[in-house]
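The primary structure of each chain is shown beneath.
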Amino acid sequence: MQTILITGGAGFIGSHLTRLFVTKYPDYHIVNLDNLTYAGNLENLKDIESSSNYEFVKGDIADLDFLTTLFTKYNFTGVLHCAAESHVDRSITDPLAFVTTNVVGTVSLLQAAKEHWKGNMEGKMFYHISTDEVYGSLGAEGFFYENTSYDPRSPYSASKASSDHFVRAFHHTYHLPIKISNCSNNYGPFHFPEKLIPLCIHNIIHNKPLPIYGKGENVRDWLYVEDHVRAIDTIFHKGKVGETYNIGGHNEWTNIDLIKELCKQMDVKLARPAGTSAQLITFVKDRAGHDLRYAIDATKLETELGWTPSLQFEEGLSKTIDWYLSNNEWLANVTSGNYQKYYEGMYGGEES
Ligand code: NAD
Ligand code: TYD
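Being a predicted model, the structure only gives us computed values, none of them experimental. As a convention, each chain's residues are numbered from 1 in the sequence order in which they are written. Here the convention is simple: chains get letters from A, ligands get numbers from 1, in the order in which they are written. Reporting of local features is limited, given that this is a predicted model, to residues whose pLDDT is at least 70; pairs of side-chain atoms are given and counted only at 80 or more, and all residues count toward the totals for whole chains, interfaces and linings. Hydrogens and waters are ignored; side-chain quantities use all the structure's heavy atoms.

Pulling in residues and values, what's your account of the packing of aromatic side chains?
Stacked, edge-to-face and tilted are the three classes for Phe, Tyr and Trp ring pairs, Trp counted by its six-membered ring, which pair at centre distances within 6.5 Å; planes under 30 degrees apart are stacked, over 60 edge-to-face, the rest tilted. According to the stated counting rule, one finds 23 aromatic pairs in the structure shown. When the centroid spacing of 5.1 Å and the interplanar angle of 85° are considered together, the rings of Phe 71 and Phe 76 count as edge-to-face. We note that Phe 71, like Phe 76, is buried. Between the aromatic rings of Tyr 74 and Phe 76, the centroid separation amounts to 5.5 Å while the plane-to-plane angle is 15°, which identifies the pairing as stacked. Think of it in three bands: with a 1.4 Å probe and only protein chains considered, a residue is buried below 20% of the maximum accessible area for its type, exposed above 50%, and partly exposed in between.

Following this line, the structure appears as structure tokens:
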């Protein structure tokens, strides 16, 4: 039996990835390592928490001694590294936290894996989950390709770019078997409501303003989170060692058009007169250094590994809204901070 370490499995993407691996691969033992920051929520994994091939460990990826002990205890054969500080706005307020988790944390994990696998790298895999934001900002034309030069412009993207460089450096220097994927913006269930889509869903439900930065003309390329984790599964099992794969769905929206579509769908689902939610749109001060446009070219992943996105955006958005509307308690717990008590209830507040 393979034992696989997923870091950040209590977060948005990590919880979908953990669920997919636990249910699809009963022969894998999955260990979810997460230190449950504000973004980590074990309620995201309620449906699989008692699976016999799943285990949760609370701990910090930046603690090398702890990681060394963990590798010795579990003898991991693979790592799927999702843990990160992930919100651009928070990186503008507190860049050092991003260096600690995204850079020091990633290098600590690489070091622990390298030392544990030294002399026997056969069949091992360190998979690093990254973002398209490392490539910088596009103008009206063009796409990000796997060989696009890095040009990060926010403390978040600079920390992720640095972590990508370290992953490649460990491959070239120590022959650590690695894979990297750089994905566009994700949306879907369990998304923390400080990011654009869940924040606006929450605010529409509560008749609160929808804050749109600047003129709402910035463009993001949105992918349903389950399509992202399916791509990670494909790359982990079929991708070439040492390679990078871009993941995206050719689905570009300006923020204002996206929020108008969201408002339209929410009016229908909440049985409010057409135009009600759009009245909540409020233009606010722009984000500092706000990247204009991201757009991924995922041809390599599609042609070499046969992955394609499964959902059109309107359908994915509709599924996402339905999930938030039928999971009021999750949303209330997250916005009130109550979800942080879940760990104490589940695990008695003990550190591993
Ligand atoms: P998230 O913020 O929802 O989750 C991050 C998780 O990591 C949380 O559970 C948190 O508790 C955990 N964590 C943070 N610091 C830790 C530490 N020091 N030790 C252990 N665990 C720690 O993030 P997400 O949106 O799920 O993103 C996951 C990964 O995917 C990140 O690496 C991010 O850069 C990348 N990514 C995200 C998107 C997106 O749209 N959200 C797009 C492309 C790539
Ligand atoms: P976000 O969800 O924070 O993702 P990222 O910054 O990683 O792309 O933001 C998506 C887009 O929405 C981005 O252009 C910033 C914008 N935005 C707003 O206009 N208002 C908001 O309240 C938030 C959180 C984001």
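I'd love a proper account of the layout of surface pockets, names of residues and values included.
Reported here for the second largest pocket is a volume of approximately 170 Å³. In terms of lining, the second largest pocket is formed by 14 residues, of which the most central are Gly 249, Asn 251, Leu 311, Gln 312 and Phe 313. The numbering of helices and of strands both runs from the N terminus, where a helix is a DSSP run of H or I of at least 4 residues and a strand a run of E of at least 2. Secondary structure elements with two or more residues in the lining of the second largest pocket: strand E9 (219-224) and helix H10 (313-326). Residue contributions to the lining of the second largest pocket peak at three residues, all from E9. When its residues are assigned to classes, the lining of the second largest pocket shows seven nonpolar, five polar and two charged. Site definitions follow a grid-based scheme: protein atoms alone, a 1 Å grid, a 1.4 Å probe that fits but cannot get out for cavities, and for pockets an open set with protein on both sides within 12 Å along at least five of seven lines, plus lining residues having an atom within 4 Å of a point. Grid points are joined across faces, edges and corners, and a volume is the space filled by probe spheres set on the points. In this count, Pro and Cys sit with the nonpolar residues alongside Ala, Val, Leu, Ile, Met, Phe, Trp and Tyr, while Asp, Glu, Lys and Arg are called charged and the others, Gly among them, polar.

Any chance you could break down the site of ligand 1 for me, citing the residues and the numbers?
Summary of the distance rule: residues count as near a molecule or strand when at least one heavy atom falls within 4 Å of that molecule or strand. Around ligand 1, the structure places 28 residues, and the nearest of them are Ile 13, Asp 34, Ser 86, Tyr 156 and Lys 160. For the purposes of these results, a polar contact is taken to be a pair of N or O atoms within 3.5 Å, where, inside protein, one atom must be able to donate a hydrogen and its partner to accept one; residues adjacent in sequence count only when each atom of the pair is a side-chain atom. At 2.9 Å from an oxygen atom of ligand 1 is found a main-chain nitrogen or oxygen belonging to Gly 11. Phe 12 is positioned with one of its backbone polar atoms (N or O) 3.0 Å from an oxygen atom of ligand 1. The protein chains hide 96% of the 840 Å² of surface that ligand 1 would expose on its own. Accessible surface is estimated by sampling points in the Shrake-Rupley manner with a 1.4 Å probe; for residues, cover comes only from the protein chains shown.

Requested: an account of the side chain of Asp 227, with residues and values cited.
Mapping Asp 227 onto the fold places it in helix H7 (residues 225-238). A distance of 2.8 Å separates a polar atom in the side chain of Asp 227 from a polar atom in the side chain of Ser 310. Apart from the residues lying within four places of it in its own chain, the contact partners of Asp 227 are Trp 307, Pro 309, Ser 310 and Leu 311. Working rule for contacts: check all heavy atoms of both residues, and any pair within 4.5 Å makes them a contact.

Any chance you could break down the pattern of salt bridges for me, citing the residues and the numbers?
Note on pairing: side chains with opposite charge can pair once their charged atoms come close. Any Lys or Arg side-chain nitrogen found within 4 Å of a carboxyl oxygen on Asp or Glu counts as a salt bridge. Throughout the structure, instances matching the rule amount to 14 salt bridges. Across the pair Asp 233 and Lys 24 runs a salt bridge whose closest N-O atoms are separated by 2.6 Å. Taken together, the positions of Asp 233 in helix H7 and Lys 24 in helix H1 (residues 12-24) put the pair 209 residues apart, joining distant regions of the chain. Among the residues examined, Asp 233 registers a relative accessible area of 4% and is labelled buried. On the accessibility criterion, Lys 24 (45% relative accessible area) is partly exposed. Residue Asp 227 pairs with Arg 230 through a salt bridge whose shortest N-O separation is 2.7 Å.

With reference to specific residues and values, describe unusual backbone geometry.
The backbone phi angle of His 175 is positive, close to 60°, even though this residue is not glycine. With respect to the helices and strands, His 175 occurs in the loop between helix H5 (155-174) and strand E6 (178-183). Using a relative accessible area of 59% as the deciding quantity, one classes His 175 as exposed. The residue His 250 is not glycine, and still its phi comes out positive at about 50°. Of note, His 250 is situated in the loop between strand E10 (244-247) and strand E11 (252-254).

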